[in-house]
Structures are given as structure tokens and as C-alpha cells.
Amino acid sequence: PEQQADMILSSARKALNEQNYPFASQRFNEYLQKFSGNPQAPAARYGLGLCLLEGDRNYEKAFEQFVNVAGNGGLPEAPYANYYAGLCQRNMALN
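Let me sum up the structure you'll find in this document.

Procedures and definitions
In this convention, every chain numbers its residues from 1, walking through the sequence in written order. Local features in this predicted model are restricted to residues of pLDDT 70 or higher, and side-chain atom pairs are both shown and tallied only at a pLDDT of 80 or more, whereas totals for entire chains, interfaces and linings draw on every residue. With hydrogens and water stripped out, all remaining heavy atoms of the structure feed into the side-chain values. Here a helix means four or more residues in a row that DSSP labels H or I, a strand means two or more in a row labelled E, and each is numbered from the N terminus. Expected helix span is given by 1.5 Å per residue-to-residue step, counting one fewer step than there are residues. Here's how the labels work: a residue is buried when its accessible area is under 20% of the maximum for its type, exposed when over 50%, partly exposed in between, all with a 1.4 Å probe on protein chains only. Any two residues having at least one pair of non-hydrogen atoms within 4.5 Å are treated as being in contact. Here the arc refers to the set of directions running from the helix axis out to each C-beta atom. We call a set of buried Ala, Val, Leu, Ile, Met, Phe, Trp, Tyr and Cys residues a nonpolar core when their side-chain atoms join them within 4.5 Å.

**Re helix α3 (residues 41-56)**
Phase 1 of the analysis: Between its first and last C-alpha, α3 extends 21 Å over 16 residues, near the 22 Å set by a 1.5 Å rise per residue.
Phase 2 of the analysis: Within α3, 12 of the 16 residues are buried, which leaves the element mostly enclosed by the surrounding structure.
Phase 3 of the analysis: The set of residues buried in α3 consists of Ala-41, Pro-42, Ala-43, Ala-44, Tyr-46, Gly-47, Leu-48, Gly-49, Leu-50, Cys-51, Leu-52 and Leu-53.
Phase 4 of the analysis: Elements that come into contact with the buried residues of α3 comprise α1 (2-17), α2 (21-35), α4 (59-70) and α5 (78-94).
Phase 5 of the analysis: Positioned one or two residues after α3, Arg-57 has a phi angle of 55 degrees, which is positive.

Here's what the structure looks like:
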């Protein structure tokens, strides 16, 4: 299971880096459905948030992902998640 989790997360990150947001989003969602208790789950939520923000422009759903990560201050992604959560709020207010 751990190897499968790493493989799914790696493919999601690769797709995100290649700006293939639909595939990355699908893989991050798959990871979160199967491995939500895994220590890497917040990183997957952060990646999913980026896909929703950059790809779909779905600010509400992206905001939900970022707030979840930002609330866990011990994570390396937390400060960035805070920033992106604020960006989502700004865009929601403008639309």
C-alpha cells in the first residue's frame, strides 16, 4: 500500500508540474480517497488545491483544500496554503 501511495502521489505531482491539471486533480483525489490518513495527505490536499485554483479556477473548492492544510501549522506547505487561501478569498470576492 505504501508503494502504491507513493506512486499515485508522484504521478499527481508530475502532472501538476506539467500543468496537466485534470489528470493531476484526478490522481490527487484518488490518493485522498485511498490514503487520507497517510502523513502525505496534506501535501496531496495542497496539490489538489493548486489544480483547482490554476486549472479549474474553482476558488471555493480550492479554498477548502488550502484552509485544511493551512490549519496544520507544522506542515512545510502551511504558509503557502495560507497565501493561496487568501488569494482564493480575493477571487471569490471579485467574482
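Now that the structure has been shown, the text picks up again.
**Thoughts on α5**
Phase 1 of the analysis: Its 17 residues give α5 an end-to-end C-alpha distance of 24 Å, which sits within 8% of 24 Å, the value for a rise of 1.5 Å per residue.
Phase 2 of the analysis: By the burial criterion, the buried members of α5 are Ala-78, Ala-81, Tyr-84, Ala-85, Cys-88 and Asn-91. Projection of α5 onto a plane perpendicular to its axis shows the buried side chains occupying an angular sector of 135 degrees, all on one side. Seen from the buried face of α5, the exposed residues on the opposite side, beyond 90 degrees, are Pro-79, Tyr-83, Arg-90, Ala-93 and Leu-94.
Phase 3 of the analysis: Looking at the buried side of α5, the elements it contacts are α3 and α4.

**Considerations on the nonpolar core**
Phase 1 of the analysis: If you look at the biggest cluster of nonpolar residues, it comprises 31 residues, and the most contacted ones within it are Leu-16, Phe-28, Tyr-31, Tyr-46, Leu-53 and Phe-66.
Phase 2 of the analysis: Elements with a minimum of two residues in this core: α1, α2, α3, α4 and α5.
Phase 3 of the analysis: Sort the elements by how many residues they give to this core and α3 lands first, with eight residues.
Phase 4 of the analysis: Not counting the four nearest positions on each side in its chain, Leu-53 is found in contact with Tyr-59, Ala-62, Phe-66, Tyr-84, Leu-87 and Cys-88.

**Focus: the environment of Gln-65**
Phase 1 of the analysis: For Gln-65, the location among the structural elements is in helix α4.
Phase 2 of the analysis: Assessed through its relative accessible area of 13%, Gln-65 is described here as buried.
Phase 3 of the analysis: Taking the C-alpha atoms as reference points, Gln-65 and Ala-24, separated by 41 residues in sequence, lie 15 Å from one another.
Phase 4 of the analysis: Setting aside anything within four residues of it in sequence, one finds Gln-65 in contact with Leu-32, Arg-45, Leu-48, Gly-49 and Leu-52.

It is worth stressing that arrangement in space is one thing and function is another; only the former is reported here.
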